[in-house]
Amino acid sequence: MEEEEEEVLCYLDRVLEEEEEVFDYGDGELDPITPRHRQFKGDTEKGLEMKKLVLSGFLASEEIYINQLEALLLPMRPLKATATTSQPVLTIQQIETIFYKIQDIFEIHKEFYDALLPNIQQWDEKVTVGHLFQKLASQLGVYKAFVDNYKVALETAEKCSQANSQFQKISENLKVKGPKDSKDCTTTISMEALLYKPIDRVTRSTLVLHDLLKHTPKDHPDFPLLQDALRISQNFLSSINEEIDPRRTAVTTPKGEARQLVKDGFLVEVSESSRKLRHVFLFTDLLLCAKMKKTAVGRHQQYECKWYIPLADLTFQTLEDSDSCPSIQVLPEHELEEMKIKISVLKSEIQKEKKAPKGQSRVERLRKKMNEQESWLLTHSPTIPFRIHNKHGKSYLFLLSSDYERSEWRESIQKLQKKDLQACVLSSVELQVLTSSCFKLRTVHNIPVTSNKDDEETPGLYGFLHVIVHSAKGFKESANLYCTLEVDSYGYFVSKAKTRVFRDTTEPQWNEEFEIELEGSQHLRILCYEKCYDKSMLNKDDNEIVDKIMGKGQVQLDPQTVQSKNWHMDVIEMNGIKVEFSMKFTSRDLSLKRTPSKKQSGVFGVKINVVTKRERSKVPYIVRQCIEEVEKRGIDEVGIYRISGVATDIQALKAAFDTNTKDILVMLSDMDINAIAGTLKLYFRELPEPLLTDRLYPAFMEGIALSDPAAKENCMMHLLRSLPDPNLMTFLTLLEHLKRVAEKEPINKMSLHNLATVFGPTLLRPSESEHTKGQHITSASDIWSHDVMAQVQVLLYYLQHPPISFAELKRNTLYFSTDV
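This structure is a prediction, so every number in the text was calculated from the model and none was measured.

Visitor: How should helix α27 (residues 752-764) be read in this particular structure?
Guide: In an α-helix there are 3.6 residues to a turn, and that puts residues three or four apart on one side. With 13 residues, α27 ought to run about 18 Å at 1.5 Å a step, and its terminal C-alpha atoms sit 17 Å apart, in line with that. Of all 13 residues in α27, twelve are buried; the element is thus mostly enclosed. Within the span of α27, buried status applies to His753, Asn754, Leu755, Ala756, Thr757, Val758, Phe759, Gly760, Pro761, Thr762, Leu763 and Leu764.

Visitor: Explain the side chain of Ser582 to me, please; I cannot follow it from the model alone.
Guide: Of note, Ser582 is situated in strand β20 (residues 577-587). Classification of Ser582 as buried rests on a relative accessible area of 5%. Only 2.6 Å separates the side chain of Ser582 from the side chain of His470, close enough to count as a polar contact. When residues no more than four places from it in sequence are discounted, the contact partners of Ser582 are His466, Val467, Ile468, His470, Trp567, His568 and Met569.

Visitor: What's the story with the sheet that holds strand β12 (residues 461-473) in this structure? I'm lost.
Guide: Consider a sheet: its strands pair through backbone hydrogen bonds, and that pairing is either parallel or antiparallel. Read across the open sheet, the four strands follow the order β16-β12-β20-β19; overall the sheet is antiparallel. The open sheet is flanked by β16 (509-521) and β19 (568-574), the only strands paired with a single partner. Within the sheet, the average angular offset between the axes of one strand and its neighbour, ignoring direction, is 30°. Direction of pairing for β19 relative to β20: antiparallel, over a ladder of seven bridges.

Visitor: What exactly am I supposed to notice about the nonpolar core here?
Guide: Generally speaking, soluble globular proteins have nonpolar side chains that are buried together. Grouped together as the largest cluster of nonpolar side chains are 70 residues, with contacts concentrated most on Tyr641, Phe684, Phe700, Phe731 and Tyr798. Looking at this core, the element that brings in the most residues is helix α25 (residues 725-743), giving nine residues. Non-local contacts of Tyr798, meaning those with residues more than four positions away in its chain, are made with Phe700, Met716, Met717, Leu719, Leu720, Phe731, Leu735, Lys739 and Ile804. Of all hydrophobic cores here, the second largest spans 61 residues; its members include Ile105, Phe112, Leu116 and Leu212.

Visitor: Sorry if this is basic, but what is going on with a positive patch on the surface here?
Guide: On the surface, a cluster of positive charge is made up of Lys151, Lys415, Lys418 and Lys419. Among the secondary structure elements, Lys419 is positioned in the loop between α14 (403-417) and α15 (428-441). For Lys419, a relative accessible area of 49% puts it in the partly exposed group.

What counts and how
- Residues numbered from 1 in each chain as written.
- Predicted model: local features only at pLDDT ≥ 70, side-chain atom pairs only at ≥ 80, totals over all residues.
- Heavy atoms only, no water.
- Helix = DSSP H or I, 4+ residues; strand = E, 2+ residues; numbered from the N terminus.
- Expected span 1.5 Å × (residues − 1).
- Buried < 20%, exposed > 50% of the residue type's maximum accessible area, 1.4 Å probe, protein only.
- Polar contact = N/O pair within 3.5 Å; in protein donor to acceptor, adjacent residues only side chain to side chain.
- Contact = heavy atoms within 4.5 Å.
- Pairing = 2+ DSSP bridges.
- Axes fitted to C-alpha atoms, helices over the stretch in contact; angles between N-to-C directions.
- Core = buried A, V, L, I, M, F, W, Y, C linked by side-chain atoms within 4.5 Å.
- Patch = residues over 30% accessible without salt bridge, like charges linked within 9 Å, V, L, I, M, F, W, Y side chains within 5 Å.
- Areas by Shrake-Rupley, 256 points an atom, 1.4 Å probe, with all protein chains shown as cover.
- Salt bridge = Lys/Arg side-chain N within 4 Å of Asp/Glu carboxyl O.
- Lys, Arg positive; Asp, Glu negative; His and termini not counted.
- Charge placed at Lys NZ, Arg CZ, Asp CG, Glu CD.

Laid out in structure tokens, this is it:
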């Protein structure tokens, strides 16, 4: 248990004159466990008594916090005094950076404490404290300034410690006074640990506000004030959440060692050839892999330790180090896609049931089912290996969905390993104490699936994100550099685009635009790599990226920022490197509108029969040329048709085809293959009506829903025969091409299902008509609507069908109503 928590509990013991634990601010839940407390739960008078207990506990921890801030300020004054002498320990600038805003924060909390104390000493039901918490919340701007400076303060303190032994001694031995009634006079704590206290404090204050509201009657004058304070605090916390390095105060084992939790998260471990979801905790001296224990209903959840490795003994294993690493079983992509569709259907059903009377019990059942399916997806989708090894024992394999996470874990561990670590061996009792403390200390509370989110939480963005990667600077040496873009989808991150490699430079200028499809996404990540051209460095494992990560960064996709019509420019800072990019978002209903071209002389936005008649061809030239080029040099490309091409390249090709440029073949041979694939998709997307026509769309939807195979075959073949000849010839040409692409699935990772997902909505989605004008997407789950899924299923049906010949179709006359 943390020292300060012990002090809070001791203080409460004195207040309550009993020796039983009352609450735990580690996870923010007030949990009275004594019979005396249980009997008055829910009663207004006793609720106010509970409110007093919550406030008493918070006041005790506030006293400890003020003492900690005072301990930080204590060396500041003598350090300032020496700064103007001939032998300064630190410069004025260094002092102001390290101790930035500490004095202001101290004064805010001292004033708050002095105002709160008499209210609790003279407690009765009329006492109001909401205005004090409201005032405290209104001063969080000081904390924002502190947080913005926090990393610089830590780095400055660390550099000063390395450069000046006198300051190092001061910063490692700061004395914190105990509470007034405490037997222990002082405790020793490091400056680094104390500088984290203000960040930790805002979280704790927010948890206390939750508890106070729980035990404040709604008609009490405090209620609206506490609500307002909570709203301000929560907004503040969400705004700084991405900026801080989550760390917690020390856990003390029976041996008296102090260790801190540096990072934790859910990872998939390959254990005994099967995938297991684990919660992994990185402490300052060891890595601990745990799983949630099954507990009886109403009991506190607990972790069970599967294994741990002291960081002093931990190494990162590569394939060359061991031949005994378990092989990675990768599921076919279409199984993952099918699961996404099932989850989307469940989301739609949940939304409908919420609106229905008496639908609540069914909502719970659907949520449970969705949770199971999302957890399955989360467990089976990662493929990037992260191998770690105990020098004196076993090796372990985790699978991650992104190289971003792998480098984060690796960097966090390597940073800790730079310190002089001693290999620790924990006794079974020590291990049990540490593992049980994990539940309180964890910073990642839930498996990242949407069924674990509150309905009020933002559902993420559905549609298309346009991103221009402009340039990067801050590289110390010339290198071959490129960037990849990732967005989150269904709880994990997916790589969506890649810039070209800019050769031998310290300031790459890509200026490349990408269109990225979003499925409930909330974050965009940019990773910067140095390209490795050394063949001897190639790794045998398909999933291992041999290129070196130079930096990585993440931005939140805030709907207000990105949904404006204008480009929003931003910079991601990563390890001293700055990548400049712009982005804007288009919702799916807007981006999928078909707009006929005003110029009928081109090919984009022009009816297919007009183009084929003008060209005197059966299949438009643009379709034939793009297919030929993809089959010539793109059929082995990983993610062909799924990875975005550079938007400017696609626009250049579009202009060339529209004006029938003579150099089109030269352009195609020089152009990046993803841009050519993107041009083909854009052509079909911009047709004034879909390739499979507006007229036949309702019949395709009905045909694919038929359950009798013979009836379905009869209907689906009849519908093809009903298409105009240019549409049918073009569709059959594309169909055979996509089948040839899918034959190379082991290399390009594009299955028939993947290709159907990419092309289905593009080939079938109706033009905007009277039927669709009145339909607006009301919620995120409507995006993967039954219509979109049916569009995917129609194309998949034809892709899985034996070869279909134009002549054979036209020759066969089936007895089927022509009144479609």
